[in-house]
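# Report on the structure
The primary structure of each chain is shown beneath.
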Amino acid sequence: MSIVTVVGNPRAGSRTYDVAVQATRTIARRIGREGPSEIVDLSALAPLLFAPEASSAVEAALELLTQASVLVVASPTYKGTYTGLLKTFLDRLPGGALASTVALPLLVMGDARHALAVEVHFRPLLVELGATVPTPGLALLESEIPDLDAVLGSWAGRVAPQVAAALREGAPA
């Protein structure tokens, strides 16, 4: 079973990156998956995504997504939804490309007024690509980051059983 983290923040070294990596580790422990996971940091791929020529690094990153059993997709909230950088990257996948993948959307936001964006905008994007999204996405307020261990522990406790069940029902092991 492979777990891949995608970070849609255009800024390297972001809080979104840190939250996404920690969320992936937390959920991996809860579903009994030990060991390293792959990280696709779009801040490093951004120049390549917009270049006129094809990029082997972008293609390799897309391949990681299509072969993942579990995909944690994280973005800061920009203009009430995920970043354009993340959308640009995911737009390179054909419809159904994530059909064997359990996806967990995660948005980091400054204001609770954006909390519905994870369900209204982010979840449908992943479903359109064929992913199984068995749980509500995580809408994490920046003000919760100091308590991240507790927040992620509570989140993982709620979603891990659904992720494990979805994996048993059809995602690759």
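Everything below is about the structure shown above.
Here the structure is a predicted model, which is why all the values come from computation and not from measurement.

Moving on to the packing of helix α1 (residues 15-30) against helix α6 (residues 148-168). Put simply, α1 and α6 touch, their axes get as near as 9 Å, and they point 45 degrees apart. What the angle tells us is that α1 and α6 run oblique. Crossing handedness for the pair α1 and α6: right-handed. Across from V19, Q22, A23, T26, I27 and R30 in α1, the residues of α6 making contact are L148, D149, L152, G153, W155, A156, G157, V159 and A160.

This part covers the packing of aromatic side chains. Applying the stated criterion across every chain yields a total of 1 aromatic pair. Here Y82 and F122 contribute two aromatic rings whose centre-to-centre distance is 5.4 Å and whose plane-to-plane angle is 40 degrees, an arrangement assigned as tilted. On the criterion of sequence distance, the pair formed by Y82 in the loop between β3 (70-76) and α4 (84-90) and F122 in helix α5 (residues 117-128) is long-range, its members being 40 residues apart. Assessed through its relative accessible area of 14%, Y82 is described here as buried. Overall, F122 belongs to the buried group, its relative accessible area being 0%.

Moving on: the pattern of salt bridges. Here the structure, examined in full by the defined rule, presents 4 salt bridges. The salt bridge involving D111 is made with R113; its shortest N-O contact spans 3.0 Å. On the accessibility criterion, D111 (27% relative accessible area) is partly exposed. On the accessibility criterion, R113 (71% relative accessible area) is exposed.

Okay, the packing of helix α2 (residues 42-49) against helix α3 (residues 56-67) next. Between α2 and α3, the least distance of the axes is 9 Å, while the angle of their chain directions is 130 degrees. Taken together, the axes of α2 and α3 lie oblique to each other. The chirality of how α2 crosses α3 is left-handed. Facing α2, whose interface residues are L45, L48 and L49, α3 presents A57, V58 and A61. Here the contact of α2 with α3 is built from residues that sort into 6 nonpolar, no polar and no charged.

Before going further, it helps to examine the sheet that holds strand β4 (residues 102-109). Ordered by their spatial adjacency, 5 strands build an open sheet running β2-β1-β3-β4-β5, and the pairing between neighbours is parallel. This sheet does not close on itself; its edge strands, each paired only once, are β2 (38-41) and β5 (138-141). Averaged over all pairs of adjacent strands, the angle between their axes in this sheet comes to 15 degrees, without regard to strand direction. Direction of pairing for β3 relative to β4: parallel, over a ladder of 7 bridges. Bridged to P76 within β4 is V108.

What counts, and where the lines are drawn
Residues numbered from 1 in each chain as written. Predicted model: local features only at pLDDT ≥ 70, side-chain atom pairs only at ≥ 80, totals over all residues. Heavy atoms only, no water. Axes fitted to C-alpha atoms, helices over the stretch in contact; angles between N-to-C directions. Helix = DSSP H or I, 4+ residues; strand = E, 2+ residues; numbered from the N terminus. Parallel < 35°, antiparallel > 145°, perpendicular 65-115°, else oblique. Left-handed = near helix turned anticlockwise from the far one by under 90°. Contact = heavy atoms within 4.5 Å. Phe/Tyr/Trp six-rings, centres within 6.5 Å; stacked < 30°, edge-to-face > 60°. Buried < 20%, exposed > 50% of the residue type's maximum accessible area, 1.4 Å probe, protein only. Salt bridge = Lys/Arg side-chain N within 4 Å of Asp/Glu carboxyl O. Nonpolar A, V, L, I, M, F, W, Y, C, P; charged D, E, K, R; others polar. Pairing = 2+ DSSP bridges.

In short, shape yes, function no, at least from these values alone.
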